[in-house]
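Structural characterization, general
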Amino acid sequence: MINGFTPNYNLEARIQHTKLDGFAGMPAARMNRVEEPAGADFKSVMSGLVDGMNQTMNAPDNLMKDVMMGNENVDIHDVMVAMSKAELSVNIATTAVGKVVQAYDRIMQIQI
């Protein structure tokens, strides 16, 4: 999919018919339609992950401000848990980016 464009091919018209079509009561293996994508596109998934990462990174700062302002609903333990979640998210994101770069390098090394 490029810029929201999904190609719609008429594959059924391109398949050559043979003598075995419908042989012994078995249905012919033909594609009747092109399936629509089931999930969201890559761009929306990645932007959602980045937004989630941004919220996770800002959560400790917001909780710390609430603690300093004297909000009784926020405890220092909540701040520590939020900081641990943010640290874990950064580690996971760093590892994922490293794996994507390694995969890209391996793909670029494939000789055609």
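Cut-offs and rules
All residue numbers here refer to positions counted from 1 along the written sequence of the relevant chain. Given that this is a predicted model, residues contribute local features only at a pLDDT of at least 70 and side-chain atom pairs are listed and counted only at 80 or more, while totals for whole chains, interfaces and linings are drawn from all residues. Think of the side-chain values as coming from all heavy atoms in the structure, minus any hydrogens and water. Each helix corresponds to a stretch of at least 4 residues labelled H or I by DSSP, and each strand to a stretch of at least 2 residues labelled E; elements are numbered beginning at the N terminus. For a helix, the expected span equals 1.5 Å multiplied by the residue count minus one. Categorising residues by exposure relies on relative accessible area from a 1.4 Å probe, with only protein chains included: less than 20% of the type maximum marks a residue as buried, more than 50% marks it as exposed, and the intermediate range marks it as partly exposed. Every residue pair with non-hydrogen atoms within 4.5 Å of one another is taken to be in contact. Two distance rules govern patches: like charges are joined within 9 Å, and nonpolar side chains (Val, Leu, Ile, Met, Phe, Trp, Tyr) within 5 Å, applied only to residues with over 30% relative accessible area and no salt bridge. Accessible surface area values rest on a Shrake-Rupley calculation with a 1.4 Å probe, where residue burial reflects the displayed protein chains alone. A carboxyl oxygen of Asp or Glu within 4 Å of a side-chain nitrogen of Lys or Arg is what we treat as a salt bridge.

Over its 27 residues, helix H2 (residues 42–68) runs 40 Å from end to end, which matches the ideal 39 Å to within 8%, given 1.5 Å per residue. Positioned one or two residues after H2, Gly70 has a phi angle of 90°, which is positive.

Here helix H3 (residues 76–109) contains 34 residues, and its C-alpha end-to-end distance of 50 Å stays within 8% of the 50 Å for a straight helix at 1.5 Å per residue. Within H3, the full set of buried residues consists of Val79, Ala82 and Ala86. Among the structural elements, H2 are those in contact with the buried residues of H3.

Before going further, it helps to examine a nonpolar patch on the surface. A surface patch of nonpolar side chains, amounting to about 420 Å² of accessible area, comprises Phe42, Val45, Met46 and Leu49. Considering the arrangement of structural elements, one finds Val45 in helix H2. The exposure class of Val45 is partly exposed, given its relative accessible area of 39%.

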